[in-house]
There are 2 protein chains.
Amino acid sequence: MSYERDRIARLSPYVPGEQPADGDIVKLNTNENPYPPSAAVMEAIGAVQAEQLRRYPPPQAKPFRDIAAKTHGLDPAQVIATNGGDELLRLAITVYCDAAPGTPESPGGGGGGIGVTEPTYSLYPVLAAIQGAPVTRVPLDDDWSLPDDFAARMISAGAKLVLVVNPHAPSGRLEAVDRLRDIAGELRGKAVLLIDEAYVDFAERDALSLVGESDLDNVILLRTLSKGYSLAGLRFGYGLAHADRIAALDKARDSYNTDALAQAAAVAALASRDQAAASWQLVRDERERVARQLRDMGWQVPDSQSNFLLASPNPGQDAVAASVFNSLKQRGIFVRYFDQDRLRDKLRITVGTPGQNDALLEAVSNL
Amino acid sequence: MSYERDRIARLSPYVPGEQPADGDIVKLNTNENPYPPSAAVMEAIGAVQAEQLRRYPPPQAKPFRDIAAKTHGLDPAQVIATNGGDELLRLAITVYCDAAPGTPESPGGGGGGIGVTEPTYSLYPVLAAIQGAPVTRVPLDDDWSLPDDFAARMISAGAKLVLVVNPHAPSGRLEAVDRLRDIAGELRGKAVLLIDEAYVDFAERDALSLVGESDLDNVILLRTLSKGYSLAGLRFGYGLAHADRIAALDKARDSYNTDALAQAAAVAALASRDQAAASWQLVRDERERVARQLRDMGWQVPDSQSNFLLASPNPGQDAVAASVFNSLKQRGIFVRYFDQDRLRDKLRITVGTPGQNDALLEAVSNL
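Residues numbered from 1 in each chain as written. Chains lettered and ligands numbered in written order. Predicted model: local features only at pLDDT ≥ 70, side-chain atom pairs only at ≥ 80, totals over all residues. Heavy atoms only, no water.

Brief notes about the side chain of T94(B)
Considering the arrangement of structural elements, one finds T94(B) in helix 5 (residues 84–96). Its relative accessible area of 3% is what places T94(B) among the buried residues. Contact partners of T94(B), with chain neighbours within four places excluded, come to R5(A), I8(A), I130(A), Q131(B) and A252(B). (Helix = DSSP H or I, 4+ residues; strand = E, 2+ residues; numbered from the N terminus. Buried < 20%, exposed > 50% of the residue type's maximum accessible area, 1.4 Å probe, protein only. Contact = heavy atoms within 4.5 Å.)

Quick word on the interface of chain A and chain B
Between chain A and chain B, the residue contacts involve 78 residues of the former and 78 residues of the latter. Put simply, chain A and chain B have 8 salt bridges between them. Between R5(A) and D98(B) there is a salt bridge, with its nearest N and O atoms 3.7 Å apart. If you look at where chain A meets chain B, you find 40 residue pairs in polar contact (both at pLDDT 80 or more). Taken together, the elements giving at least two residues each to the side of chain A that touches chain B come down to helix 1 (6–10), helix 2 (39–46), helix 3 (50–54), helix 5 (84–96), helix 6 (123–131), helix 10 (243–252) and helix 11 (260–271) of chain A. With 7 residues, helix 5 of chain A is the largest single contributor of residues to the side of chain A that touches chain B. For the side of chain A that touches chain B, the class distribution of residues is 38 nonpolar, 18 polar and 22 charged. (Salt bridge = Lys/Arg side-chain N within 4 Å of Asp/Glu carboxyl O. Polar contact = N/O pair within 3.5 Å; in protein donor to acceptor, adjacent residues only side chain to side chain. Nonpolar A, V, L, I, M, F, W, Y, C, P; charged D, E, K, R; others polar.)

Digging into the confidence of the model for chain A
In the predicted model, chain A carries a mean pLDDT of 94, and 96% of its residues have values of at least 70. Both scores are available for the predicted complex, with the pTM at 0.95 and the ipTM at 0.94. (pLDDT = per-residue confidence, 0-100.)

A closer look at the environment of S304(A)
Residue and element names in this part refer to chain A. Mapped onto the elements, S304 comes out in the loop between helix 12 (273–296) and strand 9 (308–311). In sequence terms S304 and P36 are 268 residues apart; their C-alpha atoms lie 22 Å from each other. The contacts of S304, once residues within four sequence positions are left out, are S171, G172, R287, E288 and L309. Within the local environment of S304, its side chain forms a polar contact with the backbone oxygen of F308, the two atoms lying 2.6 Å apart.

Side note on the sheet that holds strand 5 (residues 161–165) of chain A
Residues and elements named next belong to chain A. With mixed pairing, 7 strands are arranged side by side in an open sheet as 2-8-7-6-5-3-4. Across the chains shown, the open sheet's two edge strands, defined by having one partner strand only, are strand 2 (79–82) and strand 4 (135–139). Strand-to-strand twist of the sheet, defined as the mean angle between neighbouring strand axes without regard to direction, takes the value 25 degrees. Direction of pairing for strand 5 relative to strand 6 (residues 192–196): parallel, over a ladder of 5 bridges. When the sheet's bridge partners are listed, V165 is paired in strand 6 with D196. Of the strands in this sheet, strand 3 (114–118), strand 4 and strand 5 are in contact with helix 7 (residues 150–157), which crosses strand 4 at around 160 degrees. (Pairing = 2+ DSSP bridges. Axes fitted to C-alpha atoms, helices over the stretch in contact; angles between N-to-C directions.)

Quick look at the sheet that holds strand 5 (residues 161–165) of chain B
Residue and element names in this part refer to chain B. Judged by pairing direction, the sheet is mixed, and its 7 strands sit side by side in the order 2-8-7-6-5-3-4 without closing on themselves. Of all strands in the sheet, those bounded by a partner on one side alone are strand 2 (79–82) and strand 4 (135–139). For this sheet, the mean inter-axis angle between neighbouring strands, taken without regard to orientation, is 25 degrees. With 5 bridges joining them, strand 3 (residues 114–118) and strand 4 adopt parallel strand pairing. Pairing of I114 across the sheet is with V135, part of strand 4. Running at roughly 155 degrees to strand 3, helix 6 (residues 123–131) makes contact with strand 3, strand 4, strand 5 and strand 6 (192–196) of the sheet.

Focus on the pairing of strand 11 (residues 347–350) of chain A
Residue and element names in this part refer to chain A. Of the two faces of strand 11, the one carrying L347 and I349 and the one carrying R348 and T350 are both buried. Examined bridge by bridge, strand 9 and strand 11 share 4 bridges and lie antiparallel to one another. Counted as the bridge partner of L310 is R348 from strand 11.

Comments concerning the relation of the copies chain A and chain B
Both copies of the chain are related through a single rotation about an axis accompanied by a shift along the same axis. Once turned by 180 degrees and shifted 0.0 Å along the axis, chain A lies on chain B with an RMSD of 0.0 Å. In the structure described here, the two chain copies are related by an operation that fits a two-fold rotation axis. Closest approach to the rotation axis among the C-alpha atoms of chain A is made by G46(A), whose C-alpha sits 2.8 Å away. Comparing interface residues between copies, 100% of those in chain A also sit at the interface in chain B, which points to an isologous, same-surface contact. (Least-squares fit on C-alpha atoms with pLDDT ≥ 70 in both.)

Section: the packing of aromatic side chains
Between two aromatic rings, the relevant description is the distance of the centres plus the angle of the planes. Residue and element names in this part refer to chain A. Per the stated rule, a full pass over the model turns up 16 aromatic pairs over all chains. On the basis of an interplanar angle of 75 degrees and a centroid distance of 5.3 Å, the ring pair of Y121 and Y124 is categorised as edge-to-face. The exposure class assigned to Y121 is partly exposed, which follows from its relative accessible area of 23%. Y124 sits in the buried class, given a relative accessible area of 0%. The ring of F308 is capped by R348, whose NZ or CZ atom sits 5.7 Å from the centre of that ring. (Phe/Tyr/Trp six-rings, centres within 6.5 Å; stacked < 30°, edge-to-face > 60°. Lys NZ or Arg CZ within 6 Å of the ring centre and 35° of its normal.)

So, the pattern of salt bridges
Counting across every chain of the model gives 54 salt bridges over all chains. Where salt bridges share partners, they join R5(A), R7(A) and D98(B) into one cluster.

A look at the nonpolar core
If you look at the biggest cluster of nonpolar residues, it comprises 124 residues, and the most contacted ones within it are F64(A), V162(A), L225(A), F64(B), V162(B) and L225(B). Look past the residues within four positions of L225(A) in its chain and what remains in contact with it is S230(A), L231(A), A232(A), F236(A), Y238(A), A266(A), A269(A) and L270(A). Among the nonpolar cores identified, the runner-up in size contains 78 residues, and I80(A), Y96(A), L11(B) and A241(B) belong to it. (Core = buried A, V, L, I, M, F, W, Y, C linked by side-chain atoms within 4.5 Å.)

Here we look at unusual backbone geometry
Residues and elements named next belong to chain B. Along the chain, E118 connects to P119 via a cis peptide bond; the corresponding omega equals 0 degrees. Relative to the elements of secondary structure, P119 occurs in the loop between strand 3 and helix 6. The omega torsion across N166 and P167 is 0 degrees, close enough to zero to call that bond cis. One can find P167 in the loop between strand 5 and helix 8 (177–187).

Focus: the packing of helix 12 of chain A against helix 14 (residues 354–366) of chain A
Residue and element names in this part refer to chain A. Two numbers describe how helix 12 lies on helix 14: the axes approach to 11 Å, and their chain directions differ by 10 degrees. By the angle between their axes, helix 12 is roughly parallel relative to helix 14. Seen from helix 12, the contacting residues are E286, R289, V290, Q293 and L294; seen from helix 14, they are P354, N357, D358, L360, L361 and V364. Here the residues of the contact of helix 12 with helix 14 sort into 6 nonpolar, 2 polar and 3 charged. (Parallel < 35°, antiparallel > 145°, perpendicular 65-115°, else oblique.)

Right, here's the structure in full:
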């Protein structure tokens, strides 16, 4: 006996990267920051009183919104705090998208859905499927850049929410802010552009200036503390946008979506941003070193502006990448392999500490 | 320019009870447990290492599911951990309900929606409105019990998810387990019955036995640590149900919906359940004392099996209740007033510590 809606019964859920319990693993598969969160974060957690847990938390996460607004030069009404960046994605789909008028078997058809690049973060279509929203996929150009007709194709497909991860995952390529501004301008009045900046702390620039532009009322930036602030275990993300967009997202979230501990930790994380920024520079330096050495060993490694590299041991040879993935795993080094078009000959390798990266490089050289 | 779906633009969001920052307030308006969480919970939070926050949390909250299963004599596959009980409610609507085929202006029409009692927890219809699911409302009998034709009316309205809060909010009345079993049996094959046991820790019995009955595959119990375990600030709830229902709910949740700190605290809370249980007894004793003394002062106070009382200073006289509400507030005593049918002549008063309750009773006697 099944009670679930068809779309749920049929759903293939998102598959996160493996989280092995074994502490000896060199874990370069899920893009965590290899450096610990700042001491101030741990102190803030330790300072939370039992009384703060007994009571409901601040429902609007006001202390966090205040410091996030100050950090980014915005108004608190332009900030929403969420239970991880994932919640912001779900909220955006809930607020801007409709279930497909047709069947779940005809994705890409109908209107009111999401628009994504191909490839992209694999969670997006899963969240759309949960809501029954159709998915329009536009392939990236060969260099992972957005095609010239990207916005036009999204408009003609009737997408209401266009999701662009920047720096791009899994390639690490950073799109120019001017290009994103043009796309937002084309979409304006027709669709919202959510720029997923989950990895932007490791890049040389962000798209924050777009949120400040009064004629771009359709841009939402996603930020997370998971990567840049070494707090994947905390589940804390936030959105930056025009106050009207934030007010709408706010209506759809669970009443108390972020808890008292996470709020306290998140405030401390932004207050000690300089320490996190030091880790970003270490990651960038190591990223360039690992890329250089892999290239020296004959791998193809495009430039990345993120905390991972999308590297191919032998372009076009899917079996080689799969074999390297398994060999590394046997040696206790976890990287990520995506069994999908354009990615089967590549591995996504998170940038680790110098020691972890050395272990990776040595294992590769011994293959 | 609006980008939001009509149903979101029109939505009146849930209004939580006031959370004044002033610590001198006697806060009897949002049903927190007046006693602190157990020391073991605070210790568990303090013991969380930076490394646990740097990495993603256990995605299935396995340690919590294990201890919850053991606590309730179930299998871990019959447990789902959620970011507060609110998330479980949202997941259930996402999984079992469809947007109304008609317009949002015709609630109660169409199929695939939720079914609730009138009155009930005011969040339910808000969550349904976010998803566009229609709402069927069946008034409770005069004594707040479920009417005999409750299940039949839900079936005829096409409700796919029936939500019953038990002990009932805001009345505190506890429905008999046999009655709930009969309703679940009537709904079986047609709809899921979610029994919201948010307040069950303060009652003399729960409906746990229904989850163990193999022919009742359509019962979901909601539990939360917010009330019984004094952890409203933590946002941790869970669901207990047939493994097939849990698997479906699991598909719809955000990949990492509960964070590492909350998981650690929640495990410690269940492990130190005896301490929480001591607070439940204190609350029950005080509940009876406050009810008795209010009755002595001429109030009408039905028996409650929860941690609050729904009390009327003067039945039928709405203005009296509203006036008492305001007078108490001026004296720094916050209780809850619901401006809706059958409730306007009543106040919902959370049971506090003996000192808080004395302050309430003294203020009432001086009105």
